[in-house]
Amino acid sequence: MKKIPKSRAGKVNRSVSIIGTGSYVPQRILTNAELEALVDTSDEWITSRTGIRERRIAAEGEATSHMAAKAAQKAMEQAGITAEEIDLIIVATVTPDTSFPATSCWVQKHLGASNAACFDLSAACSGFLYGIEVAQQFISNHTYETVLVVGADKLSTIVNWQDRNTCVLFGDGAGAAVLRYRSGSHGVISTHMGSDGKFSDLLVTPAGGSAMPLTKENIGMNLHCLQMQGRETFKQAVISMAAAAKAALDKAGLTTDDLTCVIPHQANMRIIEALADRLKVPLSKVHVNLDRYGNTSAAAVAIALDEANRSGRFKSGDYILLVVFGGGLTWASSVIEW
Ligand code: ACO
């Protein structure tokens, strides 16, 4: 018999559901073989150390908001809603079109979502799930009825294409979800977010903010590009995602045995394997697409959710777990009854 999650007994007073998902990746494919011509690397190294075979790169003039709007359109179509019905747009990104206005305002303009309030959310790769929790709060407390959450990043603009430690890992893309109250038991059952600023140096873009405004000199030193301490990030990723997954499952009163599908952040296949091992979840239950897209930051889990949804990896009533980590460090998780 299907287990009824504990949280349904009282804590969640309004079922907030994802009623549509969408995603978009640029057409241009950058293969490992092409990267061999750019830096001292090999397809064999990249594939065996990360699982990534290719990634997508945005076209000239294609900004984060353009990708976000395309993903949002698909989510809105699936949800069966018009742009005017959206009350709030949250865009999670670390590669905004402009430092202001917010990328969510550009997305609003592209969509014609004239009734929405808009803001951006900065939690690096964890941003989409942070957005899901924020959306759930707004809908639960009756502030808004319909919320669009988008995870979108164009990391190709902040990658140092001469640094083999990072340039092989990332790609561009966007994923979106429309959330709304839906009667019945389906919906976001539990969420969990966490951060630890003492690890802020592990993944950082040093220049371009108020701490180090852009100068010719620091651009020349590539300080406007993403820097990463890979090994330590790897370690913290496994620890934080395993703990976040457990926290959301505990809140929901479920165990991994109850899950039909796990959708983790798409950074490195070895991180995903280590996570699955810790959670005692067979890899067959884990949705992976990093071989085709690499790490698309805030978009990664959103694109994977849309793919898994559209390919029928789970059906109505199934329990799924989403779990992410990113710069900050930040981490987040969510258990959903689909
Ligand atoms: N090609 C060939 N050799 C390389 C490459 C490359 N692309 N990159 C690094 N190497 C070399 C290193 O220089 C090092 O050489 P050395 O021993 O002579 O110094 C060697 O390979 C091993 O380096 P490690 O860092 O030990 O390699 P590791 O097995 O840890 O893999 C990796 C590196 C893939 C970066 C891994 O640590 C990782 O995935 N870390 C997590 C990254 C991550 O998830 N980042 C995203 C965070 S999300 C966000 O918010 C953006």
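Here, the structure is the one placed above.
About the thresholds
- Residues numbered from 1 in each chain as written.
- Predicted model: local features only at pLDDT ≥ 70, side-chain atom pairs only at ≥ 80, totals over all residues.
- Heavy atoms only, no water.
- Phe/Tyr/Trp six-rings, centres within 6.5 Å; stacked < 30°, edge-to-face > 60°.
- Helix = DSSP H or I, 4+ residues; strand = E, 2+ residues; numbered from the N terminus.
- Buried < 20%, exposed > 50% of the residue type's maximum accessible area, 1.4 Å probe, protein only.
- Expected span 1.5 Å × (residues − 1).
- Near = heavy atom within 4 Å.
- Polar contact = N/O pair within 3.5 Å; in protein donor to acceptor, adjacent residues only side chain to side chain.
- Areas by Shrake-Rupley, 256 points an atom, 1.4 Å probe, with all protein chains shown as cover.
- Nonpolar A, V, L, I, M, F, W, Y, C, P; charged D, E, K, R; others polar.
- Domains from an automatic or database assignment.
- Pairing = 2+ DSSP bridges.
- Axes fitted to C-alpha atoms, helices over the stretch in contact; angles between N-to-C directions.
- Contact = heavy atoms within 4.5 Å.

## Examining the packing of aromatic side chains
Here a ring pair, both rings aromatic, is described through the centre-centre distance and the interplanar angle of the planes.
Inference 1: A full pass over the atoms with the stated rule returns 2 aromatic pairs.
Inference 2: Their ring planes at 65° and their centres at 4.9 Å tell us that Phe314 and Trp338 sit as a pair that is edge-to-face. Residue Phe314 is found in the loop between helix 11 (300-310) and strand 12 (319-326), and its partner Trp338 is found in the segment after strand 13 (330-337); the two are separated by 24 residues along the sequence.
Inference 3: Of the residues examined, Phe314 reaches a relative accessible area of 6% and is grouped as buried.
Inference 4: For Trp338, a relative accessible area of 14% gives the class buried.

## Description of helix 8 (residues 230-252)
Inference 1: With 23 residues, helix 8 ought to run about 33 Å at 1.5 Å a step, and its terminal C-alpha atoms sit 33 Å apart, in line with that.
Inference 2: When we look at burial in helix 8, the residues that qualify are Thr233, Gln236, Ala237, Val238, Ser240, Met241, Ala242, Ala244, Ala245, Ala248, Leu249 and Ala252.
Inference 3: Backbone geometry just downstream of helix 8 places Gly253 in the positive-phi region, at approximately 70°.

## Considerations on the site of the ligand
Inference 1: Neighbouring residues of the ligand: 26 residues in total, closest Thr41, Arg49, Cys125, Arg231 and Asn268.
Inference 2: A distance of 3.4 Å separates a nitrogen atom of the ligand from a polar atom in the side chain of Trp45.
Inference 3: Between the ligand and Asn268, the relevant distance is 2.7 Å, taken from an oxygen atom to a side-chain nitrogen or oxygen of the residue.
Inference 4: Starting from 1000 Å² of accessible surface for the ligand in isolation, the protein chains cover 78%.
Inference 5: Broken down by element, the shell around the ligand gets its largest block of residues, 4 residues, from helix 8.
Inference 6: Across the shell around the ligand, the residue classes break down as 11 nonpolar, 10 polar and 5 charged.
Inference 7: Both of domain 1 (17-184) and domain 2 (188-337) provide at least three residues apiece to the shell around the ligand.

## Focus on the sheet that holds strand 5 (residues 117-121)
Inference 1: Strand order across the open sheet formed by 5 strands is 1-7-6-4-5, with mixed pairing between neighbours. With one partner strand each, in any of the chains shown, strand 1 (16-24) and strand 5 form the two edges of the open sheet. With strand direction ignored, the average angle separating the axes of adjacent strands in the sheet is 20°.
Inference 2: Sheet topology places strand 4 (residues 88-92) next to strand 6 (residues 146-154); 5 bridges connect them, and they run parallel. Paired with Ala92 across the two strands is Gly151, which belongs to strand 6.
Inference 3: Packing against the sheet, helix 11 makes contact with strand 1 and strand 7 (172-181), and its axis sits at approximately 100° to strand 1.

## Section: the sheet that holds strand 13
Inference 1: Spatial ordering of the open sheet is given by 8-13-12-11, a layout of 4 strands whose pairing is mixed. Each having just a single partner strand, strand 8 (187-195) and strand 11 (259-264) make up the two edges of the open sheet. Adjacent strand axes in the sheet meet at a mean angle of 10° when their direction is disregarded.
Inference 2: Of the pairings in the sheet, the one linking strand 12 to strand 13 comprises 8 bridges and is antiparallel in character. Note on strand 13: the bridge partner recorded for Leu321 is Val335.
Inference 3: Sitting on the sheet, helix 5 (residues 127-140) touches strand 8, strand 12 and strand 13, and the angle it makes with strand 8 is about 125°.
Inference 4: Running at roughly 145° to strand 11, helix 11 makes contact with strand 11 and strand 12 of the sheet.

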